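Structural characterization, general
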Amino acid sequence: MELQLGLALPTNPTSEAFDLNYYGFEANNKEVDRVIGPCYTSSYEEDINDIINIDNNKRSFGQAFENSTRDRVVPRTLPLLLWNNNNHPNEEDDPKDLENHHSLFAANKNVGDGDGDGDGVVGWPPIKSWRKRLCHENQVVRAWNNQMVENGYVWGGRRASNSMYVKVKMEGVVIARKVDLSQHHSFETLTDTLMDMFRKWSEACEKNSNNYKLIYQDREGDWLFAQDVPWRTFIRSVQRLKLLKSSG
Amino acid sequence: MMMGSSFPEEVLEHVFSFIERDKDRNAISTVCQSWYEIERWSRRRVFVGNCYAVSPLILIKRFPDVRCLELKGKPHFADFNLVPEGWGAYVSPWIAAASTAYPWLEEIRLKRMVISDDSLELISKSFKNFKVLVLSSCEGFSTEGLAAIAANCRNLRELDLRESEVEDLNQSSGHWLSHFPDNYTSLVSLNIACLNSEVSFTALERLVGRCPNLRTLRLNRAVPLDRLAILLRRAPQLVELGTGEASDLRPDVFSNLSGAFSGCKELKSLSGFWDVAPGYLPVVYPICPRLTSLNLSYAATIQSSDLIKLVSQCHNLQKLWVLDYIEDLGLEALSASCKDLRELRVFPSEPFGVEPNVLLTEQGLVSVSEGCPKLHSVLYFCRQMSNDALRTIARNRPNMTRFRLCIIEPRTPDYLNHQSLDVGFGAIVEHCKDLRRLSLSGLLTDRVFEYIGTYGKKLEMLSVAFAGDSDLGLHHVLSGCENLRKLEIRDCPFGDKALLANAAKLETMRSLWMSSCSVSFGACKLLGQKMPRLNVEVIDERGPPGSRPESCPVEKLYIYRTISGQRFDMPGFVWTKDENSALGLS
C-alpha cells in the first residue's frame, strides 16, 4: 500500500538543511532508507555547521523558558520524504525489522516490579504507584471475600459474584438462616438485618438488638464478640454467626 | 525604540508590574536593552519546566529578585516507574543558590524533584517571608524536614505535599505538626493526604483551631471520622476538605458528622473517602449542591448505585475524579445532572485484571461528551473502544483541550470491526482544534500520526505507547506539530531516521522521551555531537553502551534542550556526550 502523503511538508525557503541522516549513520534497514532519504549532497555539511554556529549572542535566556518567542530562530527541517512512483513504502514490514522490534518488546516484559501481576509490562497501565497500592489492598479484601465463596459458604453464589453467605443461628431458635455479608459494611446494618430476619421466631425480640449479642466463629474455630474487632477484621475471618441472648 | 527611552524607569516598571504571564514578560524583554533590564529586575515569578535546562547561576544572574520559583524535574514517565531510581532532579543546588541570592523568596513549587531534609531546613531558615511550599510528586525527605518548616516559617500560608513520598521518622513526642509554634496562626492551606502514618491529632486540632484563615485541609488516611467532626466544628469556614478513613459505620459518629458538615457553608471541594462505608455518604448530601470539585478516586468501597445517588445531587460539579465503579450507568447519570462539568477522570479499580470487573465501556464517555457541554479535560481508563465512539466524542466536544485515553490492554483494536483506532483518534485531533494534550492507546498504525501531524497544530504534549509501524509515524509528529513541547514514547518501532531528520525540532521542544524503541546508540552519539544545545541522555542499565555494537538500540533516551550544558549529577547508568565517555568524539 502506497502511503499517500498528502502532507505539505514545510519547505524552508532559506533551505537550512538539517538532516543528520547524511552523516552516514547507516541504518541497517534498507526499507526505511528507501522511504526516508537519503537524498542529500555534501554541501549540507557546511549548512549544518552554519546552523550549529548560529549567533549565540542572539540566544537569550528566554529560550530556556516556556513558550519563548525566540523559537522562530531555530531552523526547520527539510522535506524528508521524496515520493516517486517507484517508492512502495510499508509494503511489507521488513521481517528483520519485526524481529528486532519483537525482541525489544519481549525483553521489556518482566515481572512488573511487584505489581502483583506476573506478566505485567513495566509501567503499564500508566497509573501512579500509590494508586496501584490502593488497588492491591482492595483486591486483597475482595480476594478474602471470594475465598469465603470458595470455602463452601455459598448459597447459590456464582463465582463471578461477590456474595458472601454465612450461617446465622439465634439462641433459642431451631432453624438457622443465612445472610449475605457482602451487602453490609457495618455491624449496625448487619444486626438490624439479622433482627429483622429472626423477628417472627422470637417474642422477646422487639427489634431491639440490645437484647442480643452478635458473636462469630473465625477461621481458627474460635468464637469471638463481633463488636470487639473492626469490621474489616471481622469480614476477613468470619465463618459463621450466632446471636446470643444478652443476660442483664 | 525612541519612545521607550523617554519614559522614566519607574513608569515602565510600574507598567510592567501589571504584566504577569511569562510569555508576555519574555516578549517585553526583547523590545530593547533598557526594557530587558527593567523587566529582569522586576520579574518576581519564574517557572523552569526542566530543572536541567538552565542553571541556578544563570537564573540568578538574569533575574536578581525572584519571589516565586517553580521547578519541574523528572520526566512525566517517572510517575510510572520508567525512570530508574537516582536519575537526578535534585533541588539542593537551587535551594543553596537561592538561599543567598533571594532572601525575600516567598514561594517554592516543585514537581517530581528530590528534596532532602537539609534543603527543607535551609529553606526554613533562609527566607524570612516564606509563604508557600508545594511539593508535588517529590521524594527524598522525611517528617524531620517538615518539622523544620513548621518550626521556622513564621509566615507560612501553604504547605502542600500532594502525592509526595514522605519518610516517616515517627519520634514519639517530637511530632512534626507540634513544631508549629503556639503563636503561629497564618495557615491557609494544608495538604498532608499522602502521609502514611498517623499525625498527632491534638496538634492538628489546635493548629486548625487557631488558624482562622484556613480554607484548605486535606487530611491523610489515618484521621478517623469522629476526629474529622471535631476539626470541622473548629474550621467551619473550610472551602476544600479531604477526609480520612471512614470504614466503621457508627450511628453516633454519623450524627455528629452530619451536624459538623451542615455547619460548613463554604465547602466546595471534597476528596479522601478511603474505605468509606457507604452508609456515611448521606452526611455529605446537604453540601452536594455547592460542590464544584469531587475526588472519589480512593473510594473503593462505593459502588455504582451509591455513586449515582451522590453525583446526581451535585448540580454545580465542575471536576470529578472517580473509580470505574461508576460504570456507564453512573456516567449517564452524571451527564444528566452535572451540566457544568469541565473535567472528568475515571481510574481503573482493577488495572491488572484481564477480565472487566465493572460495566464501564466507551459508552460512559460518549454519554458524558453528549450531556456536558463544558467538558474539556478527560482522563479515561477502559477496556474497549471503537472508532465510532471516538468520532462521536470528537463531534460532541470540539472544545476538548486535554484528552487522555487509556485502553488497558496494549494494541486493542476497535472492538466492533477489529480495525485500528487511527480514524477515531484522527477525528479527535481534527475536530478538537484547541487540543493541547493527547494520550493515545489501542491498536494504532502510522496513519494516526499522520492525522496528528496534520491537525494537531495546537498540540503541546503527546504520549504514545505500543503504537505505530515505522519511523514515518515519528516523523509525522515531529514535522507537523508546530507547538509540540513534550513528547513521550514507549514501546514503539521508531528508530534513528525520523529522529535525526528532525534534530532541529528538538531544540524547539522542552523534551523528548523514548523508551523501548529502536533508536541506536550510534544515532544518539551523532545527535549529541551535532547538537550542543541538547542534552542527549542515554539511560541504560545494561552497562556501558560502548560495549555493544553502535547499531544496538538503547533502552531509554531522554533528550532536552538546555543552555547550561551537561549536568554534573548523572548516575552510572546515564551516558551523554562527554570527552571522557564512550559518546565522545573519539
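Quantities reported herein were computed from a predicted structural model and do not represent experimental measurements.

A word on the overall build of chain B. Helices and strands together make up the secondary structure of chain B, namely 20 helices and 23 strands. Taken over C-alpha atoms, the radius of gyration comes to 26 Å for chain B, in line with the 25 Å a tight globule of 586 residues would show. Within the span of chain B, comprising 586 residues, buried residues form 64% of the whole. Taking the intrachain contacts of chain B between residues at least 6 apart in sequence as the baseline, contacts between residues at least 24 apart amount to 71%. As presented, chain B carries roughly 21300 Å² of accessible surface, and 51% of it is formed by carbon and sulfur atoms. The averaged location of the 70 negative side-chain charges in chain B is 6 Å from the averaged location of its 67 positive side-chain charges.

A word on the packing of helix H6 (residues 117–126) of chain B against helix H7 (residues 143–152) of chain B. A pair of packed helices is captured by two measures, namely the crossing angle of their axes and the spacing between those axes. All names here are of chain B. Packing of H6 against H7 brings their axes to within 8 Å, and their N-to-C directions diverge by 5°. The angle between the axes of H6 and H7 places the two elements in the roughly parallel class. Contact residues: H6 offers Asp117, Leu120, Glu121, Ile123, Ser124 and Lys125, while H7 offers Glu144, Gly145, Leu146, Ala148, Ile149 and Asn152. Of the residues assigned to the contact of H6 with H7, the class counts are 5 nonpolar, 3 polar and 4 charged.

Bringing the packing of aromatic side chains into the picture now. Evaluated as defined, the whole model comprises 21 aromatic pairs over all chains. Consider the rings of A:Trp124 and B:Phe466, whose centres lie 5.3 Å apart with planes at 80°: the pair is edge-to-face. Of this pair, A:Trp124 sits in the loop between helix H3 (95–108) and helix H4 (129–150) while B:Phe466 sits in the loop between strand S18 (461–465) and helix H17 (471–480), which puts the two residues in different chains. Take A:Trp124: its relative accessible area is 10%, and that puts it in the buried class. With centroids separated by 5.1 Å and ring planes inclined at 70°, the aromatic side chains of A:Phe187 and A:Trp231 adopt a geometry described as edge-to-face. One end of the pair, A:Phe187, is in helix H5 (residues 187–198); the other, A:Trp231, is in helix H6 (residues 231–237), and 44 residues separate them in sequence. Taken as a pair, A:Phe187 and A:Trp231 share a single burial class, namely buried. One cation-aromatic arrangement involves A:Lys242 over A:Trp223; the distance from NZ or CZ to the ring centre is 5.5 Å.

Take the nonpolar core next. Of all hydrophobic cores here, the largest spans 203 residues; its most connected members are B:Phe261, B:Phe403 and B:Ile452. Beyond its immediate chain neighbours, meaning those up to four positions away, B:Phe403 contacts B:Leu365, B:Val378, B:Leu390, B:Ile393, B:Phe425, B:Ile428, B:Leu435, B:Arg437, B:Leu438 and B:Ser439. A:Val166, A:Val168, A:Phe187 and A:Ile235 belong to the second-largest nonpolar core, a separate cluster that totals 23 residues.

On to the pairing of strand S13 (residues 319–323) of chain B, then. All names here are of chain B. Judged by how many residues are buried, S13 sits mostly within the fold: 4 of 5 residues are covered. By the bridge criterion, 3 bridges tie strand S12 (residues 293–295) to S13 in an arrangement that is parallel. The residue of S13 that forms the bridge with Ser293 is Lys319. The pairing of S13 with strand S14 (residues 343–347) spans 5 bridges and is parallel. Looking at S14, one finds that Trp321 is bridged to Arg345. Crossover S13 to S14 through helix H12 (residues 327–337) is right-handed.

Looking now at the environment of B:Lys505. All names here are of chain B. By the secondary structure assignment, Lys505 is in helix H19 (residues 503–506). Between the C-alpha atoms of Lys505 and Ser479, which are 26 residues apart in sequence, the distance is 7.6 Å. The contact partners of Lys505, leaving out residues within four places of it in the chain, are Leu478, Cys481, Glu482 and Leu484.

To continue, consider the side chain of B:Asp446. Residue and element names in this part refer to chain B. The topology assignment puts Asp446 in helix H16 (residues 446–455). Buried and without a salt bridge, Asp446 has Arg447 as its closest oppositely charged side chain, separated by 10 Å. Of note is the side chain of Asp446, whose polar atom sits 2.7 Å from the side chain of Ser470.

Moving on, we come to a positive patch on the surface. Residues and elements named next belong to chain B. On the surface, Arg215, Lys265, Lys268 and Arg290 cluster together into a patch of positive charge. Locating Lys268 in the fold gives a position in the loop between helix H10 (251–262) and strand S11 (269–271). For Lys268, a relative accessible area of 38% gives the class partly exposed.

Moving on, we get to the pairing of strand S1 (residues 45–48) of chain B. Examined bridge by bridge, S1(B) and strand S2 (residues 68–72) of chain B share 4 bridges and lie parallel to one another. Note on S2(B): the bridge partner recorded for B:Val48 is B:Leu71.

Turning our eyes to something else, we now look at the environment of B:Ile28. All names here are of chain B. Tracing the chain through its elements places Ile28 in helix H2 (residues 22–29). In this structure Ile28 comes out as buried when scored by relative accessible area, which is 9%. The spacing of Ile28 and Thr392 is 364 residues in sequence and 43 Å in space, taken between C-alpha atoms. Among residues more than four places away in sequence, those in contact with Ile28 are Phe16, Ile19, Trp35 and Glu39.

Residues and elements named next belong to chain B. Across all of its chains, the model carries 38 salt bridges over all chains by this definition. Taking the shortest distance from any N to any O, the salt bridge between Arg206 and Asp182 comes out at 3.2 Å. Here Arg206, found in helix H8 (residues 201–210), pairs with Asp182, found in the loop between strand S7 (166–167) and strand S8 (189–191); they are 24 residues apart in sequence, far enough to count as distant. Salt bridges linked by common partners bring Asp22, Arg25, Glu39, Arg43 and Arg62 together as one network.

For the rest of this paragraph, the subject is the UniProt feature "domain: F-box" (unreviewed entry) in chain B. UniProt's entry tags residues 7–48 of chain B with the feature "domain: F-box" (unreviewed entry), counted in the numbering of this structure. Segment residues 7–48 of chain B splits into 62% helix and 10% strand. End C-alpha atoms: 31 Å apart.

All names here are of chain B. One pass over the full model with this rule turns up 0 disulfides over all chains. With no disulfide partner, Cys51 has as its closest neighbouring cysteine sulfur the one in Cys138, 10 Å distant. In this structure Cys51 comes out as buried when scored by relative accessible area, which is 3%.

Residues and elements named next belong to chain B. Within the secondary structure layout, Glu39 lies in helix H3 (residues 33–42). Glu39 gets classed as buried once you look at its relative accessible area, which sits at 0%. In sequence terms Glu39 and Gly49 are 10 residues apart; their C-alpha atoms lie 20 Å from each other. For Glu39, the residues in contact, after removing those within four places along its chain, are Phe16, Arg25, Ile28, Ser29, Arg62 and Phe63. Within polar-contact distance, the side chain of Glu39 engages the side chain of Arg25 at 2.9 Å.

The next point concerns the confidence of the model for chain B. Residue and element names in this part refer to chain B. In the predicted model, chain B carries a mean pLDDT of 93, and the fraction of residues at 70 or more is 97%. Note that residues 579–586 has pLDDT below 50 and, in this model, 16 contacts with residues that lie over four places away or in other chains. The complex model carries a pTM of 0.77, and its ipTM stands at 0.89.

Conventions used here
- Residues numbered from 1 in each chain as written.
- Chains lettered and ligands numbered in written order.
- Predicted model: local features only at pLDDT ≥ 70, side-chain atom pairs only at ≥ 80, totals over all residues.
- Heavy atoms only, no water.
- Helix = DSSP H or I, 4+ residues; strand = E, 2+ residues; numbered from the N terminus.
- Rg over C-alpha atoms; globule rule 2.2 N^0.38 Å.
- Buried < 20%, exposed > 50% of the residue type's maximum accessible area, 1.4 Å probe, protein only.
- Contact = heavy atoms within 4.5 Å.
- Areas by Shrake-Rupley, 256 points an atom, 1.4 Å probe, with all protein chains shown as cover.
- Lys, Arg positive; Asp, Glu negative; His and termini not counted.
- Charge placed at Lys NZ, Arg CZ, Asp CG, Glu CD.
- Axes fitted to C-alpha atoms, helices over the stretch in contact; angles between N-to-C directions.
- Parallel < 35°, antiparallel > 145°, perpendicular 65-115°, else oblique.
- Nonpolar A, V, L, I, M, F, W, Y, C, P; charged D, E, K, R; others polar.
- Phe/Tyr/Trp six-rings, centres within 6.5 Å; stacked < 30°, edge-to-face > 60°.
- Lys NZ or Arg CZ within 6 Å of the ring centre and 35° of its normal.
- Core = buried A, V, L, I, M, F, W, Y, C linked by side-chain atoms within 4.5 Å.
- Pairing = 2+ DSSP bridges.
- Right-handed = clockwise from strand over helix to strand, strands pointing away.
- Salt bridge = Lys/Arg side-chain N within 4 Å of Asp/Glu carboxyl O.
- Polar contact = N/O pair within 3.5 Å; in protein donor to acceptor, adjacent residues only side chain to side chain.
- Patch = residues over 30% accessible without salt bridge, like charges linked within 9 Å, V, L, I, M, F, W, Y side chains within 5 Å.
- UniProt positions renumbered as here; feature names shortened; annotations may be inferred.
- Disulfide = S-S within 2.5 Å.
- pLDDT = per-residue confidence, 0-100.

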